[in-house]
Amino acid sequence: MSEVRKYSVEARAVGRQVQLQVYATRIVLRQDGEIVGEHERCFGRGKTIFNPWHYVPVLKRKPGALRNGAPFRDWDLPPAMTQIWTHLRGTSDGDRQLADILFAAYQHDIDVVEAACEEALKSGLRKADAILNIVSRRTNPPPPKAIEPPAHLQLKMAPIADCARYDRLGGSHATA
């Protein structure tokens, strides 16, 4: 049996050399000084240790990996996200929708996406579009407050919406 243990790294680090820092209870993988993987140390022989979040960017291109990919087996997601996943598994584009939801959690924060899933479920919604809309509302800043222009920039006379003025400016045109 092999002595080799394999630890996952973020998708952007695949195929490039990493620096391995081994501690008593954890393993840290760095690339160009930046952490690209961190795992609890494994002492079993021939094991592969996955962090499913390392693979989420790949799901944008290959959402079918959710069904059979080793990193996603027994993935312990929060309850509302698990409920959405269970529902989406039975739909034709469920893998794609779930990949979009997981990518939103990867980009923002899993707690924000979990709260969005909870809100969607309470409203009877189970589609990625609805969940992503809720995430967007929660993560995008509110529009800026209106500002009062200085006195010298304020209008002296309110504009008049008079389309006939445009006709007069363009010269005489035949009307039907």
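Since this is a predicted model, take the numbers as computed values, not measurements. Residue numbering note: each chain is counted from 1, following its sequence as written. Whole-chain, interface and lining totals are the exception, using all residues; otherwise, since this is a predicted model, local features are given only for residues with pLDDT of at least 70 and side-chain atom pairs are given and counted only at 80 or more. Think of the side-chain values as coming from all heavy atoms in the structure, minus any hydrogens and water.

Asks: Which residues make up helix α3 (residues 79-89), and what are the values?
Replies: Using a 1.4 Å probe on the protein chains alone, a residue whose accessible area is under 20% of its type maximum counts as buried, one over 50% counts as exposed, and one in between counts as partly exposed. Strands are runs of DSSP state E lasting at least 2 residues, helices are runs of H or I lasting at least 4, and numbering of each runs from the N terminus. If you check which residues of α3 are buried, you get Ala80, Met81, Ile84, Trp85 and Leu88. Angular distribution of buried residues about the axis of α3 spans 140°; they occupy a single face of the element. In α3, the exposed residues that point more than 90 degrees away from the buried face are Pro79, Thr86 and Arg89. Here, residues are in contact when the closest pair of their heavy atoms is within 4.5 Å. The secondary structure elements touched by the buried residues of α3 are α2 (65-68), α4 (94-107), α5 (110-122) and α6 (128-139). Directions drawn from the helix axis to the C-beta atoms are what define this arc.

Asks: Provide a residue-level description of the packing of α5 against α6, including the pertinent values.
Replies: At a closest axis distance of 9 Å, the pairing of α5 and α6 adopts a crossing angle of 125°. It follows from the interaxial angle that α5 and α6 lie oblique. Viewed along their axes, α5 and α6 form a crossing whose handedness is right-handed. Along its contact with α5, which presents Val112, Val113, Ala115, Ala116, Cys117, Glu119 and Ala120, the element α6 presents Ile131, Ile134, Val135, Arg137, Arg138 and Thr139. A fitted line through C-alpha atoms serves as each axis, taken over the contacting stretch for helices, and the angle formed by two N-to-C directions is quoted from 0 to 180°. Reported orientations rely on four angle classes, namely roughly parallel under 35 degrees, roughly antiparallel over 145, roughly perpendicular from 65 to 115, and oblique for the rest. Two helices cross in a left-handed way if the nearer one is turned anticlockwise from the farther one by less than a right angle. They cross in a right-handed way if the turn is clockwise.

Asks: Explain the environment of Cys117 to me, using residue names and the numbers behind them.
Replies: Structurally, Cys117 can be placed in helix α5. In this structure Cys117 comes out as buried when scored by relative accessible area, which is 0%. Cys117 sits 16 residues away from Ile101 along the chain, and the two C-alpha atoms are 9.1 Å apart. Contact partners of Cys117, with chain neighbours within four places excluded, come to Ala80, Met81, Ile84, Ile101 and Ile131.

Asks: Got a sec to walk through the side chain of Glu10? Specific residues and values, please.
Replies: In this fold, Glu10 is placed in the loop between β1 (6-7) and β2 (19-22). A polar contact is formed between the side chain of Glu10 and the side chain of Arg12, at a distance of 2.8 Å. Beyond its immediate stretch of four places on either side in the chain, Glu10 contacts Ile35, Val36, His54 and Tyr106. Definition of a polar contact: a pair of N or O atoms within 3.5 Å, with one able to donate and the other able to accept a hydrogen when the atoms are protein atoms, and with sequence-neighbouring residues admitted only if both atoms are side-chain atoms.

Asks: Could you give me a rundown of the sheet that holds strand β4 (residues 34-40), with the residues and numbers involved?
Replies: Strand order across the open sheet formed by 3 strands is β2-β3-β4, with antiparallel pairing between neighbours. Bordering the open sheet on either side are β2 and β4, each of which pairs with just one other strand. Neighbour-to-neighbour, the strand axes of this sheet turn through a mean angle of 20°, independent of strand direction. Between any two strands, at least two bridges found by DSSP are needed for them to pair. Two elements, strand β3 (residues 26-31) and β4, share 6 bridges in a ladder whose sense is antiparallel. Within β4, the position partnered with Arg30 by the bridge is Ile35.

Asks: For unusual backbone geometry, give the residues involved together with the corresponding values.
Replies: Not every positive phi belongs to a glycine, and Asp32 is a case in point at roughly 55°. Along the polypeptide, Asp32 turns up in the loop between β3 and β4. The class for Asp32 is exposed, based on a relative accessible area of 72%.

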